[in-house]
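Fold and geometry: a report
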Amino acid sequence: MDTAKSRELPRADVLIAIMGAPHTGDLVTSAFRLTQALLERGASVHLWTCGNATRLTQLSLGDDKPRNFVDWARAYPTTATLATELLSTFPTTLHWFACRFCSQERGADAHVPGIKLRPPFKFTDHLEATDKSFFLGVC
Amino acid sequence: MADTGRRLLIIERAYRGSVETQFADVLYFVRELNRQQGGMDILLRGLAVTFAAAHPAPVPALRIAGRRLDTLPDPRETIRTLVSEGAGVWAQDSALAEFETGPDWLQKGVRRASDATFPDWAGYLSVHFL
Amino acid sequence: MAEYLLVESQGRYAGPGSQDFLGDAVRLVESGHTVTVLLIENGVTDGIGSVSDPLGRLIDAGARVWVDGFSLEQRAVLASRLRPGVRPVGMDEVAEHLLRPGVQGVWH
């Protein structure tokens with residue numbers, strides 16, 4: 001796990017902080033769509049997850065969702081898989097951070113490789129390191 | 001009101017997480033519960049009435065990294081399936097008025113719920129919001 | 001004067017917050033700022049019909065009002081239901097706009 005403790009925070013064009021919880025609305029879908037569109041334009045992005053959104057990249061999610069009992073053979077990727085694919089497709093321009101406190105509070109601090117744990121008191125560094133920022137949802 | 005012998009589920013919160021939910025949306029649970037119960041009634045309210053649109057357009061897919069993600073929830077198809085599997089589906093007309101574009105907008109087999117024709121709670125074994 | 005991209009993602013079915021947010025947009029426009037409003041997710045419902053007074057004031061005041069085409073399709077909302085002055089866009093156009101120098105984003 002990369003804790004990003006002492007490294008210089010890379011600058012980025014946009015910070016997208018997913019504050020709201022998954023499975024309550026479409027903010028996670030919007031975060032993926034906006035991130036993809038920004039990265040395809042050559043922009044750099046910090047993704048930060050807080051609260052229950054830290055569960056999006058939990059290692060224990062595995063590659064696929066549980067089976068669909070009405071379509072048994074079909075595979076459905078987990079958000080952890082989608083995050084991993086995004087990070088490998090845009091290795092230098094996407095940086096994905098998960099709030100360490102929120103992760104630990106939920107027993108979810110084992111993330112897929114590439115996700116950097118950051119303490120919440122460093123969040124302001126991300127605001128300073130990016131030109132623009134969006135907070136999606138509320139904790 | 002005659003006893004329906006059924007339970008009534010009311011859905012008013014719609015579109016709760018496409019990428020993370022995919023097939024396992026609220027209607028996936030409703031479909032399974034309908035099977036276990038041997039028939040249920042469902043009342044769609046608010047934005048959830050759009051689940052009952054006959055709209056023929058497919059659910060849009062997303063591009064994420066190099067992947068085309070085409071496994072997003074398809075509530076309109078699930079409502080079609082629920083009707084075919086014996087569920088009673090209602091859609092509240094005050095919400096329908098926001099979205100309807102003509103007489104063919106609503107799926108066949110879905111009933112309009114209005115003040116005059118409304119699923120009477122007293123006729124159900126239980127009523128639940130999902 | 002500043003330039004804003006204001007994103008309404010909740011819509012009126014979630015409560016009064018969207019109308020308050022669109023009211024914020026009206027105040028910014030009336031103060032001389034440049035405002036683009038994007039209706040996305042369940043926020044697309046604020047672009048339907050004529051029930052959203054702040055949105056009408058926004059359009060009248062010259063603000064640009066976009067609605068996310070993907071969200072419309074997902075919700076089976078036909079473009080013919082949109083009020084005049086609301087234009088469907090894709091996320092590519094949104095990203096391009098956000099990256100323009102000087103544009104500040106606020107997401108509700």
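Residues numbered from 1 in each chain as written. Chains lettered and ligands numbered in written order. Predicted model: local features only at pLDDT ≥ 70, side-chain atom pairs only at ≥ 80, totals over all residues.

Some details on the confidence of the model for chain A
We apply this condition: pLDDT expresses how confident the predictor is about each individual residue, on a scale running from 0 to 100. Placing C-beta atoms from the backbone, we regard two residues as in contact once those atoms come within 7 Å.
Averaged over every residue, the pLDDT of chain A is 94; the share at 70 or more is 95%. For the stretch residues 1-6 of chain A, pLDDT sits under 50, and the model shows seven contacts to residues farther than four places along the chain or on other chains.

Details of unusual backbone geometry
Residues and elements named next belong to chain B. Let me state the cut-off plainly: Helix numbering and strand numbering both begin at the N terminus, where a helix is a DSSP run of H or I of at least 4 residues and a strand a DSSP run of E of at least 2. For the exposure call, what matters is how many other C-beta atoms sit within 10 Å of a residue's own: 20 or more marks it buried, 12 or fewer exposed, and in between partly exposed, using C-beta atoms placed from the backbone.
Positive phi values are uncommon outside glycine, yet Q22 reaches one of about 50°. In this structure, Q22 sits in the loop between α1 (18-21) and α2 (26-37). Given 22 C-beta atoms within 10 Å, Q22 falls into the buried group. One non-glycine residue, A65, lies in positive phi territory at about 55°. Position of A65 among the secondary structure elements: in the loop between β3 (62-64) and β4 (67-69).

What to know about the environment of B:L44
Residues and elements named next belong to chain B. Examined against the element boundaries, L44 turns out to sit in strand β2 (residues 41-44). Among the residues examined, L44 registers 25 C-beta atoms within 10 Å and is labelled buried. Counting along the chain gives 18 residues from L44 to L62, while the straight-line C-alpha distance between them is 26 Å. If we ignore the near neighbours within four places in the chain, the residues touching L44 are I11, V49, F51, A52, V89, W90, A91 and Q92.

Here's the deal with the sheet that holds strand β3 (residues 64-68) of chain C
All names here are of chain C. Test applied: For two strands to be treated as a pair, DSSP must find at least two bridges joining them. Each axis is a line fitted through C-alpha atoms, taken for helices only over the stretch in contact, and angles between the N-to-C directions span 0 to 180 degrees.
A sheet is described by the order of its strands in space; here five strands give the open sequence β4-β3-β2-β1-β5, paired in parallel fashion. In this open sheet, the two strands that pair with only one neighbour each are β4 (86-89) and β5 (103-107). Sheet twist, expressed as the mean angle between neighbouring strand axes with direction ignored, is 25°. Pairing analysis gives four bridges linking β3 to β4, with the strands arranged parallel. Looking at β4, one finds that V65 is bridged to V86. Those strands touched by helix α1 (residues 17-30) are β1 (3-8) and β2 (34-39), and its axis lies near 165° from that of β1.

Quick look at the pairing of β2(C)
Residue and element names in this part refer to chain C. Where burial is concerned, most of β2 is hidden: five out of the six residues are buried. Here β1 pairs with β2 via six bridges, running parallel. The residue of β2 that forms the bridge with E3 is T34. Pairing of β2 with β3, which is carried by four bridges, proceeds in the parallel orientation. By the bridge assignment, V37 is partnered in β3 with V65.

Brief notes about the interface of chain B and chain A
Short version of the rule: Asp, Glu, Lys and Arg are counted as charged, while Ala, Val, Leu, Ile, Met, Phe, Trp, Tyr, Cys and Pro are counted as nonpolar; the rest, among them Gly, fall into the polar class.
Between chain B and chain A, the contact holds 17 residues from the first and 20 residues from the second. Secondary structure elements with two or more residues in the side of chain B that touches chain A: α1 and β3 of chain B. Taken together, the residues that form the side of chain B that touches chain A break down as seven nonpolar, six polar and four charged.

Examining the packing of α1(C) against helix α2 (residues 53-60) of chain C
Residues and elements named next belong to chain C. Put simply, the test is: Working definition: roughly parallel below 35 degrees, roughly antiparallel above 145 degrees, roughly perpendicular at 65 to 115 degrees, and oblique for all remaining angles. The hand of a helix crossing depends on one turn: near helix anticlockwise from the far one by less than a right angle means left-handed, and clockwise means right-handed.
Put simply, α1 and α2 touch, their axes get as near as 8 Å, and they point 20° apart. Relative to α2, the element α1 lies roughly parallel. Considering the relative orientation of α1 and α2, their crossing is left-handed. Mapping the contact onto sequence places Q19, L22, G23, A25, V26 and V29 in α1 and P54, L55, R57 and L58 in α2. A breakdown of the residues in the contact of α1 with α2 according to their chemical character gives seven nonpolar, two polar and one charged.

Observations regarding the packing of helix α1 (residues 27-40) of chain A against helix α4 (residues 91-99) of chain C
Across the interface, α1(A) lies against α4(C) with an axial gap of 9 Å and an inter-helix angle of 65°. Helix-helix and strand crossings are classified by hand; for α1(A) and α4(C) the assignment is right-handed. For the pair α1(A) and α4(C), the contacting residues are A:R33, A:L34, A:A37 and A:L38 in the first and C:M91, C:D92, C:V94 and C:A95 in the second. For the contact of α1(A) with α4(C), the residue count by class is six nonpolar, no polar and two charged.

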